[in-house]
Amino acid sequence: MPDALPVVIVGASMGGLRTAEALRRAGYSGPVTVIGEELHAPYNRPPLSKDVLSTGVSHEAVAFPARAATADVTWMLGARAISADLEARTVTTDDGREHPWRALVIATGLRARRLDLPLIAGRHCVRTLDDAMALRDELVPGARVVVVGAGFIGCEVAATARKLGCEVTIVAPGADPLIRPLGAELGAELRRRHEAHGVSFQLGRTVAAMLGESAFEGLQLDDGTIVPGDVLVEAIGSECNTHWLDATDLDLTDGVLADAALRAVSTDGTVSHDVFVVGDIARFPNLLFDGVARRVEHWNIPTDTGKRAGAVLGAGLAADGSFDEVVAKGFTPMPAFWSNQFEMSLQAYGLPGLGAGDIRILEGELSGAVAVGYYRAERLVGVVGLGLKAELLPYRQEIAAHAAS
Ligand SMILES: Cc1cc2nc3c(=O)[nH]c(=O)nc-3n(C[C@H](O)[C@H](O)[C@H](O)COP(=O)(O)OP(=O)(O)OC[C@H]3O[C@@H](n4cnc5c(N)ncnc54)[C@H](O)[C@@H]3O)c2cc1C
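Starting from 1, residues in each chain are numbered consecutively following that chain's sequence as written. Where local features are concerned, this predicted model is filtered to residues with pLDDT of at least 70; where side-chain atom pairs are given and counted, the filter is 80 or more; whole-chain, interface and lining totals use all residues. Side-chain measures were taken over the full set of non-hydrogen atoms in the model, leaving aside hydrogen atoms and water.

### Comments concerning the overall build of the protein chain
Turning to step 1, where the next piece is worked out: Each helix is a run of H or I in the DSSP string that is no shorter than four residues. Each strand is a run of E no shorter than two, and both are numbered from the N terminus. The number of helices and strands found in the protein chain is 10 helices and 27 strands.
Turning to step 2, where the next piece is worked out: Here the C-alpha coordinates of the protein chain stretch approximately 65 × 50 × 40 Å along the principal axes.
Turning to step 3, where the next piece is worked out: With a 1.4 Å probe rolled over the protein chains alone, any residue whose accessible area is under 20% of its type maximum counts as buried; one over 50% counts as exposed, and the rest are partly exposed. Among the 405 residues that make up the protein chain, the fraction classed as buried is 54%.
Turning to step 4, where the next piece is worked out: A sequence separation of at least 24 residues applies to 62% of the contacts in the protein chain between residues at least 6 apart. Note on definitions: a residue-residue contact is assigned when non-hydrogen atoms from the two residues lie within 4.5 Å.

Below, the structure is given as structure tokens:
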């Protein structure tokens, strides 16, 4: 294989960037090409539904700082990968060009899931900087904003829109917001706090129809209720960007399956030695919890998986004998998540969803600052703090200790 062939990373966001940085840290000095569909250099997504959405959305406000280590990386922005041939070792982009690679990194993340409704003005989602810019223009005082979905992004956008003086209604099928990730009690408390800030809820409801011919005018819900509105925000989850891999034999069940070294796994269980998966799209086992491969859509995962994939791939390319040692190192990243909604600051560690059947208040009170624990078989697998930060660190340690036990 000619050494001049680049490592090709598809997806120019956090996971792709962190992998390129880690490759350099691992001593790989050969060519690296990053192919990214968006026109923007890598940027941070969490502020798009929070502070940046309220104070002014721009690339400068969210861009990741460029590091010297990756100054010689080739960025092909505005280019979408449409297919990959793992035998010929090429990726094809939408301009018809073929890009040969010596190793491939899949970092194509997620896209927002959309309601199956006609495309008219006033419909929005928040996944990209361009999405946030388009939404920001419409969040003017008095605008009636209807948010469909009561997960983190839906609740954050609702809080931001309310702070900007909009009238906000959240429509969701569950009994309370955020029940699936956090549980019923915390969900009910978050609803109470949103309501205290003037957010309305239509819970236990689904969308039956959209009103408006060319521009959004409201929703009709399944019980016949009409929710009038000027702006619709669809926050109903996401889908994995795997279409460009459809012709490969990779296991594309819920993202792309990888082993603990982030090497892609085929449907027959074969582990690839030159195709890696990082970030939101990676479904990998984390021995902090068990051997089950899962996707985790938390901000630290693109960094942790990028570092891991870069280290393993770098060791493989160096061919200096360090590969087996690097691969054998345990990979037990601690999922970490935060969310800001009004004055509420939520911080989470671990995988609360795994302990949904046994939720305990660890300290504090739901109406004030509180730490909530999520247990599986009497083991703490997740903790969520509302209004607490440093206080959560002992619980974080308790979750981490399980990896070693
Ligand atoms: C609005 C919002 C708020 C968030 N808030 C939080 C938070 O508060 N806390 C937290 O822990 N996490 C939060 N997250 C999650 C966090 O931002 C993600 O975990 C992180 O962005 C994932 O990075 P990634 O690189 O894996 O994927 P992504 O950021 O999804 O990047 C994938 C990139 O690949 C590109 N791409 C896709 N397909 C192709 C293709 N075929 N060819 C070329 N390029 C392609 C996409 O355009 C995109 O640029 C938030 C996410 C969003 C959207």
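### Let's talk about the sheet that holds strand β14 (residues 218-221)
Turning to step 1, where the next piece is worked out: Strands pair, by our definition, only if DSSP identifies at least two bridges between them. One open sheet holds the three strands; their spatial order is β13-β14-β15, and the pairing between them is antiparallel. For this open sheet the edge positions go to β13 (207-211) and β15 (226-228), each flanked by a neighbour on one side alone. The sheet shows a mean angle of 20° between the axes of neighbouring strands, direction not considered.
Turning to step 2, where the next piece is worked out: Pairing of β14 with β15, which is carried by three bridges, proceeds in the antiparallel orientation. Across the sheet, leucine 219 pairs through a bridge with valine 227, a residue of β15. Comment: axis = line fitted to C-alpha atoms, over the contacting stretch for helices; angle = value between 0 and 180 degrees taken between N-to-C directions.

### Concerning the domain arrangement of the protein chain
Accessible area lost upon the coming together of the parts is a frequently used measure of interface size.
Turning to step 1, where the next piece is worked out: Start and end positions for the domains come from either an automated domain assignment or a database one. Annotation of the protein chain at the domain level lists domain 1 (7-109 + 241-329), domain 2 (113-237) and domain 3 (343-402).
Turning to step 2, where the next piece is worked out: Computed over C-alpha atoms, the centres of domain 1 and domain 2 are 32 Å apart.
Turning to step 3, where the next piece is worked out: In total, domain 1 and domain 2 occlude about 1300 Å² of area from one another, counting both sides; carbon and sulfur atoms represent 64% of this.
Turning to step 4, where the next piece is worked out: Buried area counts how much accessible surface, traced with a 1.4 Å probe, disappears from two parts once they are put together, with both parts' losses summed. Three residues, Ser49, Leu53 and Val57, lead the burial of domain 1 against domain 2; their summed loss comes to 40% of the area buried on that side.
Turning to step 5, where the next piece is worked out: Each reported salt bridge corresponds to a side-chain nitrogen of Lys or Arg within 4 Å of a carboxyl oxygen of Asp or Glu. Inspection of the domain 1/domain 2 interface yields two salt bridges.
Turning to step 6, where the next piece is worked out: Within 3.5 Å is the distance limit for a polar contact, defined as a pair of N or O atoms, with the added protein rule that one can donate a hydrogen and the other accept it, and that residues adjacent in sequence qualify only through two side-chain atoms. Linking domain 1 to domain 2 there are eight residue pairs in polar contact (both at pLDDT 80 or more).
Turning to step 7, where the next piece is worked out: Listed by contribution, the elements that provide at least two residues to the side of domain 1 that touches domain 2 are α2 (51-55) and α3 (59-62).

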